[in-house]
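Structural overview
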There are 2 protein chains.
Amino acid sequence: MSTKENLSFRQDAASTPPRAFRPHDHDSCVAGAMQAAESLCAESGARLTPVRRRVLEILLEGHRPMGAYDVLARLDAEGLGSKPPVAYRALGFLVDNGLAHRIERLNAFIACPRPTDDNHAPAFLICRGCGSVAEVSATLPGIPKGFRVERTTVEAEGLCAACTDSPE
Amino acid sequence: MSTKENLSFRQDAASTPPRAFRPHDHDSCVAGAMQAAESLCAESGARLTPVRRRVLEILLEGHRPMGAYDVLARLDAEGLGSKPPVAYRALGFLVDNGLAHRIERLNAFIACPRPTDDNHAPAFLICRGCGSVAEVSATLPGIPKGFRVERTTVEAEGLCAACTDSPE
DNA sequence: CTCCTAAACGTTACATGATAACAATGCAAG
DNA sequence: CTTGCATTGTTATCATGTAACGTTTAGGAG
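An unreviewed UniProt entry lists chain A under the name Fur family transcriptional regulator, zinc uptake regulator, with Pseudooceanicola nitratireducens given as the organism.

Around DNA strand D, the surrounding shell holds 18 residues, and the nearest of these are Pro 84 and Asn 107 of chain A together with Thr 49, Lys 83 and Pro 85 of chain B. At the level of secondary structure, the elements contributing two or more residues to the surface near DNA strand D comprise helix H3 (68-77) and helix H4 (84-96) of chain A together with helix H2 (50-60) and helix H4 (84-96) of chain B. Among the elements that take part in the surface near DNA strand D, H4 of chain B stands out by supplying four residues, more than any other. Tallied by class, residues from the surface near DNA strand D come to nine nonpolar, four polar and five charged.

Residue and element names in this part refer to chain B. Where strand S1 (residues 100-103) lies against strand S2 (residues 108-111), four bridges are found, and the strand directions are antiparallel. Opposite Ile 103, over in S2, you have Ala 108 as the bridge partner. Hairpin connection, S1 to S2: the antiparallel pair is bridged by four residues, and Asn 107 has positive phi, about 45°.

Leu 59 and Ala 100 of chain A together with Leu 59 and Ala 100 of chain B are the most contacted members of the largest nonpolar core, which totals 83 residues. What Leu 59 of chain B contacts, discounting residues up to four positions off in sequence, is Met 66, Ala 100, Phe 109, Ile 110 and Ala 111 of chain B.

Moving on to H4 of chain B. All names here are of chain B. In this model, H4 (13 residues) spans 18 Å end to end at C-alpha, consistent with the 18 Å of a helix rising 1.5 Å per residue. What H4 keeps buried is the set Ala 87, Ala 90, Leu 91, Phe 93 and Leu 94. Viewed along the axis of H4, the buried residues span an arc of 155°, placing them on a single side of the element. Exposed and facing more than 90 degrees away from the buried side of H4 are Pro 84, Pro 85 and Asp 96. On its buried face, H4 sits against H2, helix H3 (68-77), S1 and S2. A positive phi of about 75° marks Gly 98, the residue just after H4.

Criteria and cut-off values
Residues numbered from 1 in each chain as written. Chains lettered and ligands numbered in written order. Predicted model: local features only at pLDDT ≥ 70, side-chain atom pairs only at ≥ 80, totals over all residues. Near = placed C-beta within 6 Å. Helix = DSSP H or I, 4+ residues; strand = E, 2+ residues; numbered from the N terminus. Nonpolar A, V, L, I, M, F, W, Y, C, P; charged D, E, K, R; others polar. Pairing = 2+ DSSP bridges. Core = buried A, V, L, I, M, F, W, Y, C linked by C-beta atoms within 7 Å. Buried ≥ 20, exposed ≤ 12 C-beta atoms within 10 Å, placed from the backbone. Contact = placed C-beta atoms within 7 Å. Expected span 1.5 Å × (residues − 1). Arc of directions from axis to C-beta.

Right under this line is the structure:
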């Protein structure tokens, strides 16, 4: 069973906000995600090369999406690459391997906080106040008979609890 | 109550494919949508100017999304405008007034087939075979307590019934 | 260990998508 | 009429994304 936040679009609303919207031990958050990424790659044979690892680390710095060119700027500053394909290829690898996701509304990318969990239908809660994005599990009920779903994009934009309370 | 296709993500899978995936009387389909658009604009005071009306007609030609530059090419051919802002402004108007929707996955726009229906949470079924897109109603259950949803993006890519049967 | 191949990387050039800013025009209310 | 605001026209530029091609490198086959 998935342990991701213990949240699901199918069950009743959870009582606790997702971790991305709460203060938490982010260092262990990052460490866990990197560890999971290493394991997954080791298991699948995917190669987590220096640029790819670094891009994942950069994405993991915050629970908020980054544009490909933002990532590229970071890589450039660190001497790891300066041309768009460098960033897009690394991001593509991470997305293909479930280590990151693309947020369509924002044309941006975010690290997957729990890549080992079953992750076939992620949904994203985008707070327009603080810019944080939380990943939760989604299952779309009631797809019309005969339509075979292969991929889903589920994104909700709004205000997280903290930003609702203090609308600065 | 919404009459849109009588489909909902909340109820059991409907037995009939959405109209966009079936042969149908498209002329009356278009006429109905234009009529509804006129009424809505008359009621709200929004001005359905020639360019805006024409863009809506162009989008209504098929149940498939068009890129802003595709629309612009059509406008240009008809002498209605040749610069990107012309297309983007008309599309923006249509989206703001619920007469069209943006498909985020595709960076494209599609006419709303039933703009008078309640339309607060549309979901889109995108067939990668024929390129058609059907709009159905979606309600996301189980949003975590405290997150206030303002807008949703729900898109499912896959194969419609017809394309599943004949995978050319 | 050496060779071979497939994957990864670096770079150029370009394609596609979107908007800021400002001037000119139209239109409707007072 | 005239004033004010929405709409349109245009320029210029920014943002996002990818095709294509040659080079390098890692890792397995022999």
